[in-house]
Amino acid sequence: MEKLFTKVANWVAHITGLPLTFAVCCLIVVIWAVSGPFFGFSDTWQLVINTGTTIITFLMVFLIQNTQNRDGAAIQAKLDELIRVSEGHNHFIGIEHLTESEVEEIRDKCERAAKRHDEQIATMAAKKAVAQKRGAKKSAA
């Protein structure tokens, strides 16, 4: 059952993302609007579009959420594998299960570490430039 749902969800997500599908939906709305005078802009006429769009929206929410959940989990698994096989810190694996404030704390620590690293590189580059300048003056003398 799960495989069938996944297959259907993927197919629907693909089809609904096509420009042709958007054009068809726009055409349906135009046909509905043009048909208004023939139905006297009745409550039933309005109910048709309201009910149709509500049902489609209701069902699409679940399909989109399913697709997003699977995509997010797949991306996390790929990132975790990259961390695992690289020189990255393994304690980053699985942080998507932490609370928002815990993730924000880790993010802040990473940003501070990156800033310190950038400052160290800039300092080393400046020292290297000064040393090269001094070396050039000595060889000129």
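Bear in mind the structure is a predicted one, so any value in this text is a computation, not a measurement.

Caption draft 1: Representation of the overall build of the chain. Along its length, the chain carries four helices and zero strands. For 141 residues, the compact-globule estimate of 2.2 N^0.38 gives 14 Å, and the chain exceeds it by more than 25% at 29 Å. Projecting the C-alpha coordinates of the chain onto the three principal axes gives extents of approximately 100 × 40 × 30 Å. In the chain, which comprises 141 residues, the proportion classed as buried is 9%. Across the chain, every contact between residues at least 6 apart in sequence was considered, and the portion connecting residues at least 24 apart equals 34%.

Caption draft 2: Quick peek at the pattern of salt bridges. Tallied over the full model, the rule gives four salt bridges. Arg84 is the partner of Glu81 in a salt bridge, and the nearest nitrogen-oxygen pair spans 2.7 Å. Taken as a pair, Glu81 and Arg84 lie in helix α3 (residues 43–85) at a separation of three residues, close to a single helical turn. You can call Glu81 partly exposed: its relative accessible area is 36%. Note that Arg107 and Glu104 form a salt bridge whose closest N and O atoms lie 3.6 Å from each other. Separated by three residues within a single helix, Arg107 and Glu104 lie in helix α4 (residues 100–140), roughly one turn from each other. Here Glu104 falls in the partly exposed class, since its relative accessible area comes to 35%. Several salt bridges share partner residues, and in doing so they unite Glu104, Arg107 and Glu111 into one network.

Caption draft 3: Structural detail: the packing of aromatic side chains. Applying the stated rule across the entire model yields three aromatic pairs. Summarising the aromatic geometry, the rings of Phe58 and Phe62 are spaced 5.1 Å apart at their centres and angled 80 degrees between planes, so their arrangement reads as edge-to-face. Placement of both Phe58 and Phe62 in helix α3 is noted, with a separation of four residues, approximately one turn of the helix. We classify Phe58 as exposed; its relative accessible area is 52%.

Caption draft 4: Representation of the side chain of Ser35 in the model. Mapped onto the elements, Ser35 comes out in the loop between α2 (19–34) and α3. When its relative accessible area of 16% is taken as the criterion, Ser35 is described as buried.

Caption draft 5: Looking closely at unusual backbone geometry. We note that Phe41 has phi near 50 degrees; this positive angle belongs to a residue other than glycine. When its relative accessible area of 47% is taken as the criterion, Phe41 is described as partly exposed.

Rules used in this analysis
Residues numbered from 1 in each chain as written. Predicted model: local features only at pLDDT ≥ 70, side-chain atom pairs only at ≥ 80, totals over all residues. Heavy atoms only, no water. Helix = DSSP H or I, 4+ residues; strand = E, 2+ residues; numbered from the N terminus. Rg over C-alpha atoms; globule rule 2.2 N^0.38 Å. Buried < 20%, exposed > 50% of the residue type's maximum accessible area, 1.4 Å probe, protein only. Contact = heavy atoms within 4.5 Å. Salt bridge = Lys/Arg side-chain N within 4 Å of Asp/Glu carboxyl O. Phe/Tyr/Trp six-rings, centres within 6.5 Å; stacked < 30°, edge-to-face > 60°.

Honestly, it's all geometry; don't read function into it.
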